[in-house]
Amino acid sequence: MFTSKAFRWALLGIGLLAIIALTGMNVYSLYDIRDRMVDGEEERQLSLVDELTRNVWRQIYQPFEGLGTLELEPTERTIETSGKFPPQLHEKIISAAESPLFDGLYYTPEGTDPCIEGSKVYVYNYSTQIMEYTENYPSNLCDGVGLARTKARIELNSFDYRWNNNVEFDAHRTMNIGFINLSENRIIGYLSVSMNKDYIVNDVIAPMFMEYFDPKTNPGTVLWLHDWANNDVLATNNPSVNYNRDLMDARKFFPGDMFENWNVKVGFIENPVGTIYNDTLLKNLIVLGVAMLFVIGALLFMFFTAQKERNLSQRQAGFLANVTHELKTPLAVMQAAGENISDGRVTEKERLKQYGNHIYNESIRLRGMIEKLLDVAKTDSGQTLIKAIPSNLNELVKEYLKENRSYLEEKGFAVSFKHSMSQALIMVDRSHLETVLSNLTENAVKYSSDKRKKVIKIEVDSDPKNMLLHISDTGIGIPKKHQKNIFKKFYRVEDSLSAKTKGHGLGLSIVKNLIELNGGTIDVASEVGKGTTFTLRFPIFIRNKEKVSSKKTSESSNTNMINTSEYA
Ligand code: ADP
């Protein structure tokens, strides 16, 4: 018994744990999906930044595209003689010079070092469109040419270099193109192009920021073009968000080291996918929570219903054994007595009377029991008829006591009755109330011991909405843990005191059914060794307007006549 009970509870525990674990896993994966979507969206945004930086690079390099297909070798000769590059290259140089991206073009032949004072290089003259040989050039040419020279030499030393030029950008924003004579494997000279910083920032990068990351359509991602050497923000797509290291989530460089000390800082202040998914996440969590509650509720419901059914069938089995015994005993007594009389074995008058009494008493017991069983069967099948009429509770109790007081007093009880001042009427079936009263007083008789003074106290009372009937005894009382069960069918308190008394656990279930059928309720208050009080409540049907004095009440109850027209 114990192990099967423990087993059932263990199964319930495992079931609940499984539901909780499954729900936990679901919640975890919902959050995981959210994080992945957020990460995925951030990666997508970063790849857009890559595309943007590539576009900037392409736009700046574009005027020089196609250098690889041109002949650069004649430059040494043409520039010395005419200040021009070979024809096709010269055209390219003119169109590049006209681009607002650049604000100066210089050519340094290999062998000339612009870092040495007094060195001469070629400078593009915007009005004559030819290269002029001059000492007057910006000092940053020294760095640019130096860088291009080093890189070009490294490339030439590598085995498989196949290009006739090599492009390097330096931190001062010059683009330096080394011209290479591939057949002789040597450098010819360096074309240095100075970039127009303001134009590139304001007319190339800033518009591209807006094109790719317009804050109106993409408010969550902020870009800052940052000059880290000077800690200066040169452009942003969203001026309302100031640059702050803590806001930065990623950093992107321009390809080919273009703008060496500029980079694009990226901050994700609000991930749009995350925001959209948060709504879905909330809905999912609610649905999941409700589903979990339902499943747990259903599991608990099934568990406790099964438990209840087990208890009921156990009680029914006990009842069946009990009832069989109870039916058989009076029958056996009656059978034996009848047999003795009909055989003519008992002839004395006195003994005949005794046998007759036996048969009579047992048949009364049998009848009582059969009636109870029929009552239960009737209420179970919903066949109990109700003939409720407006009634005065004081009067009903009084009538009941008139017939039963002497029986109760014979059983050794002091019976008291206190009626209520209220003459309100309730709707009850009188025969039902009589059955209720007889069951409750019979229980008081059964469960009172001779060791204490036996008392049955009946009191009618009222509250604003109900008429109340209290029936108290000074009997053995009902232990607290049994009190909620005593109204269940076949339920009996299994302790040594109650077990001594015969019963089937049906009386209170009949009482409760009948009271509820009449719109009332019943409660119990009891203390072991002190006694029990049952309280019945019936809703008031017709209320009396004014309180009637106790004298008047007793008068009216004496006459037992109520003129309903007096009540509102
Ligand atoms: P039974 O036929 O066993 O009396 P009831 O349904 O009338 O069945 O009562 C159910 C149980 O409630 C009883 O077995 C008894 O233990 C307890 N009980 C009912 N009335 C009283 C009372 N007045 N005093 C003490 N115990 C009571």
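We now turn to the structure provided with this report.

Rules used in this analysis
Residues numbered from 1 in each chain as written. Predicted model: local features only at pLDDT ≥ 70, side-chain atom pairs only at ≥ 80, totals over all residues. Heavy atoms only, no water. 1 Å grid on protein atoms, 1.4 Å probe; cavity = no way out; pocket = protein on both sides within 12 Å on 5 of 7 lines; lining within 4 Å. Points joined across faces, edges and corners; volume = space filled by probe spheres on them. Helix = DSSP H or I, 4+ residues; strand = E, 2+ residues; numbered from the N terminus. Domains from an automatic or database assignment. Axes fitted to C-alpha atoms, helices over the stretch in contact; angles between N-to-C directions. Parallel < 35°, antiparallel > 145°, perpendicular 65-115°, else oblique. Left-handed = near helix turned anticlockwise from the far one by under 90°. Contact = heavy atoms within 4.5 Å. Near = heavy atom within 4 Å. Polar contact = N/O pair within 3.5 Å; in protein donor to acceptor, adjacent residues only side chain to side chain. Areas by Shrake-Rupley, 256 points an atom, 1.4 Å probe, with all protein chains shown as cover. Sits in = over half its atoms within 2 Å of the grid points. Nonpolar A, V, L, I, M, F, W, Y, C, P; charged D, E, K, R; others polar. Buried < 20%, exposed > 50% of the residue type's maximum accessible area, 1.4 Å probe, protein only. Expected span 1.5 Å × (residues − 1). Arc of directions from axis to C-beta.

### Here we look at the layout of surface pockets
Inference 1: The calculated volume of the largest pocket comes to roughly 1,600 Å³.
Inference 2: The wall of the largest pocket is formed by 46 residues, among which Lys372, Ser438, Asn439, Glu442 and Lys446 lie closest to the centre.
Inference 3: Mapped by element, the contributors of at least two residues to the lining of the largest pocket are α7 (349–380), α8 (393–410), α9 (430–446), α12 (507–517) and β17 (531–542).
Inference 4: Formed jointly, the lining of the largest pocket draws a minimum of three residues from each of two domains, domain 2 (284–383) and domain 3 (384–567).

### Some remarks on the packing of α8 against α9
Inference 1: Two elements in contact, α8 and α9, have axes separated by 11 Å at closest approach and are oriented at 45°. When the interaxial angle is binned, α8 and α9 end up oblique. Between α8 and α9 lies a crossing of right-handed hand. Note on element contacts: α9 touches α8 through Arg430, Leu433, Glu434, Leu437, Ser438, Thr441, Glu442 and Val445, opposite Leu393, Leu396, Val397, Glu399, Tyr400, Tyr407 and Leu408.

### Comments concerning the site of the ligand
Inference 1: What surrounds the ligand is a group of 19 residues, the closest being Tyr447, Asp473, Arg492, His504 and Leu508.
Inference 2: In this structure, an oxygen atom belonging to the ligand sits 2.5 Å away from a side-chain N or O atom of Arg492.
Inference 3: For the ligand, an oxygen atom lies 2.8 Å from a polar atom in the backbone of Leu508.
Inference 4: Protein contact buries 99% of the 520 Å² of open area that the ligand shows by itself.
Inference 5: Most atoms of the ligand, that is more than half of them, are within 2 Å of grid points of the largest pocket.
Inference 6: When its residues are assigned to classes, the shell around the ligand shows eight nonpolar, eight polar and three charged.

### A look at unusual backbone geometry
Inference 1: Phi at Gln129 takes a positive value of approximately 60°, unusual for a residue other than glycine.
Inference 2: For Gln129, the location among the structural elements is in the loop between β2 (121–124) and β3 (131–134).
Inference 3: A positive phi angle, close to 45°, is found at Asn231, a residue other than glycine.
Inference 4: By secondary structure assignment, the location of Asn231 is in the loop between β7 (221–227) and β8 (232–236).
Inference 5: Residue Asn231 is classed as exposed on the basis of its relative accessible area, which comes to 58%.

### What to know about helix α4 (residues 141–157)
Inference 1: Taking 1.5 Å per residue as the helical rise, α4 with its 17 residues ought to reach 24 Å, and the 24 Å between its terminal C-alpha atoms agrees with that figure.
Inference 2: When α4 is considered as a whole, its buried residues turn out to be Leu141, Gly144, Val145, Ala148, Arg149, Ala152 and Leu156. Taken end-on, α4 shows its buried residues confined to a sector of 130°, consistent with a single buried face. Those residues of α4 that are exposed and angled more than 90 degrees off the buried face are Ile154 and Asn157.
Inference 3: Packing partners of the buried residues in α4 comprise β1 (102–109), β2, β4 (165–169), β5 (174–181) and β6 (186–195).

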